[in-house]
Amino acid sequence: MSTQPINNGIPVIDLSPNNLEPGTPTWVRTREDVRRAMEELGCFQAIYDTKAAEEIHIDILAAAEELFNLPVETKSQKLSDKPYFGYFGQHPSFPLYESLPVDHPATVEGSRGFTDAMWPAGNLKFCQSNLAFSKVVVEIDQLAMKMLTESYRIKDSFYDEYVKSTNYVLRYFKYKAPKEDEDNMGLASHTDKSMVSVLHQNHVNGLQIRTKYGVWVDADFSPSSFIVMAGDALMAWSNDKIPSCFHRVIMKETGRETRYSLGLGSIVKGTLQTPQEMCDESRPLLYKPFDQFEYLRFYESKPDHKPECPIKAYCGI
Ligand SMILES: O=C(O)CCC(=O)C(=O)O
Ligand SMILES: [Fe+2]
């Protein structure tokens, strides 16, 4: 039986780097906790505490506020041809929500390229805050993937390739507080199209996770906590052992403060194939090999008729 702490029904797992040495009993226990939480709920709350955690948290939220204060024309300039790599905001269906993605956020070039596009005269502080935060969330993503691949005894070459060929994107989110007579839905229920998403936020709650019993639970955050969730690509990769996590954002605190949040998404380049280790007689292969960017394009091409389970509609067998 697990003795792991639970926060509102969401398992809490300490991934702080000073506690985790690969191969130690703590590592093995943590690894199995990660797998169990992902199989049960498709998500968990990671604690990632370091000396710099508080400062990184304060800096990235100041960066988010500064970014969204830019004029809409600046935020909505075209930065990429990739699907879902543009500004989203001022949308009648989601009047509270805005989002802006940074491609390759954990590299100096990616962070600088985005910063220069938003602030042609430069903004060193933003660039540094974006980079420092992105390095933390990429580390959390890779720790989770390392633990999952180890637990399922997938060949090391898969994880090595994952580290080499993943295209990370960091999305900044802003949710205005609703007015008295306004709907409080920030973002409707959905699953992400990523392998893994790593989320963080300011002190204003709003994220809800749907359990397998269909109950919505509130996610709570601290400056050193993150929600790690499975996207559709991880569900296909794991042959449905790990469900992609349904989530939504409800701005309950009417008339109060703005919610700023951030989400790292991982997109594997090239063909993603369910490893043999995920299949056996009782669980035959459920997905054809697929390309995650093509999957995003497929999803983007169906604005009005989203299939109930888009990944199965795209590459299910
Ligand atoms: O704001 C959040 O916490 C989550 C945002 C989200 O789920 C998304 O944009 O896909
Ligand atoms: Fe999402």
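Residues numbered from 1 in each chain as written. Chains lettered and ligands numbered in written order. Predicted model: local features only at pLDDT ≥ 70, side-chain atom pairs only at ≥ 80, totals over all residues. Heavy atoms only, no water.

1. Concerning the site of ligand 1
Here comes step 1: Taken together, Tyr 97, Phe 173, Tyr 175, Leu 187, His 190, Asp 192, Leu 207, His 247, Val 249, Arg 259 and Ser 261 form the complete shell of residues around ligand 1.
Here comes step 2: Taking His 190, its side chain carries an N or O atom lying 3.0 Å from an oxygen atom of ligand 1.
Here comes step 3: A distance of 2.7 Å separates an oxygen atom of ligand 1 from a polar atom in the side chain of Ser 261.
Here comes step 4: Burial of ligand 1 by the surrounding chains reaches 92%, relative to a free accessible area of 290 Å².
Here comes step 5: For the shell around ligand 1, the secondary-structure elements that each account for two or more residues are strand S5 (166-175), strand S6 (185-190), strand S11 (247-250) and strand S12 (259-268).
Here comes step 6: When grouped by side-chain class, the residues that make up the shell around ligand 1 number six nonpolar, three polar and two charged. (Near = heavy atom within 4 Å. Polar contact = N/O pair within 3.5 Å; in protein donor to acceptor, adjacent residues only side chain to side chain. Areas by Shrake-Rupley, 256 points an atom, 1.4 Å probe, with all protein chains shown as cover. Helix = DSSP H or I, 4+ residues; strand = E, 2+ residues; numbered from the N terminus. Nonpolar A, V, L, I, M, F, W, Y, C, P; charged D, E, K, R; others polar.)

2. Remarks on unusual backbone geometry
Here comes step 1: One non-glycine residue, Tyr 84, lies in the positive phi region at around 65°.
Here comes step 2: You can see Tyr 84 is positioned in the loop between helix H3 (72-75) and strand S4 (97-103).
Here comes step 3: If you check the backbone angles, His 104 has positive phi at about 50° while not being a glycine.
Here comes step 4: Note that His 104 resides in the loop between S4 and helix H4 (108-118).
Here comes step 5: Accessibility expressed as a relative area gives 32% for His 104, which makes it partly exposed. (Buried < 20%, exposed > 50% of the residue type's maximum accessible area, 1.4 Å probe, protein only.)

3. Points about the pattern of salt bridges
Here comes step 1: Tallied over the full model, the rule gives 14 salt bridges.
Here comes step 2: Measuring nitrogen to oxygen at the nearest pair gives 2.7 Å for the salt bridge that ties Lys 82 to Asp 103. Separated by 21 residues along the polypeptide, Lys 82 in the loop between H3 and S4 and Asp 103 in strand S4 bring together distant segments of the chain.
Here comes step 3: A relative accessible area of 24% places Lys 82 in the partly exposed class.
Here comes step 4: Asp 218 is the partner of Lys 252 in a salt bridge, and the nearest nitrogen-oxygen pair spans 2.9 Å. In this pair, Lys 252 is assigned in the loop between S11 and S12 and Asp 218 in strand S9 (residues 216-218), connecting sequence segments 34 residues apart.
Here comes step 5: Linked by salt bridges that have partners in common, Arg 31, Glu 32 and Glu 150 make up one network. (Salt bridge = Lys/Arg side-chain N within 4 Å of Asp/Glu carboxyl O.)

4. Brief notes about the coordination of the iron ion (ligand 2)
Here comes step 1: Within the protein, the atoms that donate to the iron ion (ligand 2) are His 190 (NE2), Asp 192 (OD) and His 247 (NE2), at distances of 2.1 to 2.2 Å.
Here comes step 2: Sequence spacing of the donors to the iron ion (ligand 2): H-x1-D-x54-H. As far as the burial class goes, His 190 and Asp 192 line up, both buried. (Donors = N, O, S within 2.8 Å, 3.2 Å for Na, K, Ca; no water.)

5. Describing empty space enclosed by the protein
Here comes step 1: The tally for this structure, following the rule as stated, stands at one cavity of 30 Å³ or more.
Here comes step 2: When its volume is computed, the largest cavity comes out at roughly 60 Å³.
Here comes step 3: Surrounding the largest cavity, Tyr 48, Thr 50, Ala 53, Ile 56, His 57, Phe 133, Val 136, His 200, Pro 223 and Phe 226 form its lining.
Here comes step 4: Put simply, the parts of the chain that give the lining of the largest cavity at least two residues each are helix H2 (53-68) and helix H5 (124-151).
Here comes step 5: Broken down by element, the residue count for the lining of the largest cavity peaks at three residues, all from H2.
Here comes step 6: The residue inventory of the lining of the largest cavity, partitioned by class, reads seven nonpolar, three polar and no charged. (1 Å grid on protein atoms, 1.4 Å probe; cavity = no way out; pocket = protein on both sides within 12 Å on 5 of 7 lines; lining within 4 Å. Points joined across faces, edges and corners; volume = space filled by probe spheres on them.)

6. Some remarks on the nonpolar core
Here comes step 1: Of all hydrophobic cores here, the largest spans 67 residues; its most connected members are Leu 15, Met 145, Tyr 172, Met 195 and Leu 234.
Here comes step 2: Broken down by element, the residue count for this core peaks at eleven residues, all from H5.
Here comes step 3: Listed in part, the 21 residues of the second largest apolar core include Phe 94, Tyr 97, Leu 207 and Met 229. (Core = buried A, V, L, I, M, F, W, Y, C linked by side-chain atoms within 4.5 Å.)

In short, the description is geometric, and any link to function would need to be established separately.
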